[in-house]
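The residues making up each chain are set out below.
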Amino acid sequence: MDFDDKAFIPAILSKSAEDQALILQALLENNLQTKSDSCCVPLAWNSQVFESKQKFRIGYISGFQSFPPIGDSQFVIGRVKSFLESAGHVFVPFDVPFDPADFLDSNSSLDCNEGVVLEKVKNLIKFDYAKSRSDVTKPDRPKKEDLIHSFLDKMNHQKIDVVISLVLPFPGISLEDVDPVDEGIMAYTLMWNCLNFPVGVVKFWNESGIHWKSSLDLLDKSGKLVWKQKLLKECANCVGMPIGVQVAGRPFQEELVLKIMVELDDINK
């Protein structure tokens, strides 16, 4: 994947979700964000949302078929579901209205800023559809705005406030084993950057290694045989590594994202 034409999003790194909320609140109060950049929209911190006692309807994504979760990662979303349901929130499954790997593969280029999605439009064709219609080689090119609206329409239809998913389909591994980057792995995080949705990450579990080797068979169906070998030798190194979850909200709803992050972060205290 060529990263030269990708949009990267700045992030606030902190020890806890509460610290993130304090930092963002300090940036948004008193129009501080406009002092360095007069073109910045003066968005006020919404304390009413952040301090709300309301229970929310939360969509969850267990993983993507392009690269299924490995090890304890395959159970983490279920544990998040139980944890937040015990606090009164409602969880419903959420299917992304498009396949992120379709436009994040190494043969395509997603322009996150300008909105034109693909250089090679053939990668937008769903596998089964392309197999049954081999003559179809030029589908319409969706724009960034189309993807955003399709996602928001799905959230609105299901009356979902935020969406929770894994950060990656496995915990941290050695840097020497992440090359080449797989589009199925990148789909978990880069999708939100391209949609420009506010997203926060919270550590929620640690890898035990118990289910690591047995879960690698899941990669056979997706054809990730090279990655299966890479992850097989990471079995001993992965034990104890953190597994993170992402909380994504609608544009300009950072306070709601942070509120759910703070609740999830309680498990780490």
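Look up a bit, the structure's there.
All of these numbers come straight from a predicted model, not from anything done at the bench.

Rules used in this analysis
- Residues numbered from 1 in each chain as written.
- Predicted model: local features only at pLDDT ≥ 70, side-chain atom pairs only at ≥ 80, totals over all residues.
- Heavy atoms only, no water.
- Pairing = 2+ DSSP bridges.
- Helix = DSSP H or I, 4+ residues; strand = E, 2+ residues; numbered from the N terminus.
- Axes fitted to C-alpha atoms, helices over the stretch in contact; angles between N-to-C directions.
- Phe/Tyr/Trp six-rings, centres within 6.5 Å; stacked < 30°, edge-to-face > 60°.
- Lys NZ or Arg CZ within 6 Å of the ring centre and 35° of its normal.
- Salt bridge = Lys/Arg side-chain N within 4 Å of Asp/Glu carboxyl O.
- Buried < 20%, exposed > 50% of the residue type's maximum accessible area, 1.4 Å probe, protein only.

Trainee: Before we move on, could you go through the sheet that holds strand β1 (residues 57-61) and cite the residues and values that matter?
Mentor: Strand order in the open sheet formed by five strands is β2-β1-β3-β5-β4, with mixed pairing between adjacent strands. Both edges of this open sheet fall to β2 (90-93) and β4 (199-206), since each of them pairs with a single strand only. Across the sheet, the axes of successive neighbouring strands diverge by a mean angle of 30°, strand direction being ignored. Direction of pairing for strand β3 (residues 162-166) relative to strand β5 (residues 242-249): antiparallel, over a ladder of five bridges. Bridged to Val162 within β5 is Gly249.

Trainee: Account for the environment of Ile267, naming residues and giving values.
Mentor: Following the sequence through the fold, Ile267 ends up in the segment after α12 (254-265). Along the sequence, Ile267 and Val80 sit 187 residues apart, while their C-alpha atoms lie 9.9 Å from each other.

Trainee: Break down the packing of aromatic side chains for me, citing the residues and quoting the values.
Mentor: A full pass over the atoms with the stated rule returns twelve aromatic pairs. With a centroid separation of 5.7 Å and 70° between ring planes, the pair formed by Phe83 and Phe204 is classed as edge-to-face. Residue Phe83 is located in helix α4 (residues 73-85), and its partner Phe204 is located in strand β4; the two are separated by 121 residues in the primary sequence. An aromatic cluster of three or more residues is present, and its members are Phe94, Phe151, Trp192 and Phe197. Positioned above the aromatic ring of Phe94 is the side chain of Lys154, whose terminal nitrogen or guanidinium carbon lies 5.1 Å from the ring centre.

Trainee: An account of the pattern of salt bridges is requested, with residue identities and associated values reported.
Mentor: For the structure on display, the rule yields four salt bridges. Close ionic contact of Lys81 with Glu85 constitutes a salt bridge, the shortest N to O distance being 3.0 Å. In this pair, Lys81 and Glu85 are both assigned in helix α4, four residues apart and thus about one turn of the helix distant. Classification of Lys81 by relative accessible area gives partly exposed; the value is 25%. Note on Glu85: relative accessible area 33%, which makes it partly exposed. Lys259 serves as the salt-bridge partner of Glu263, at 3.8 Å between the closest nitrogen and oxygen. Here Lys259 and Glu263 lie together in helix α12, a separation of four residues that amounts to about one turn. What makes Lys259 buried here is its relative accessible area of 11%.

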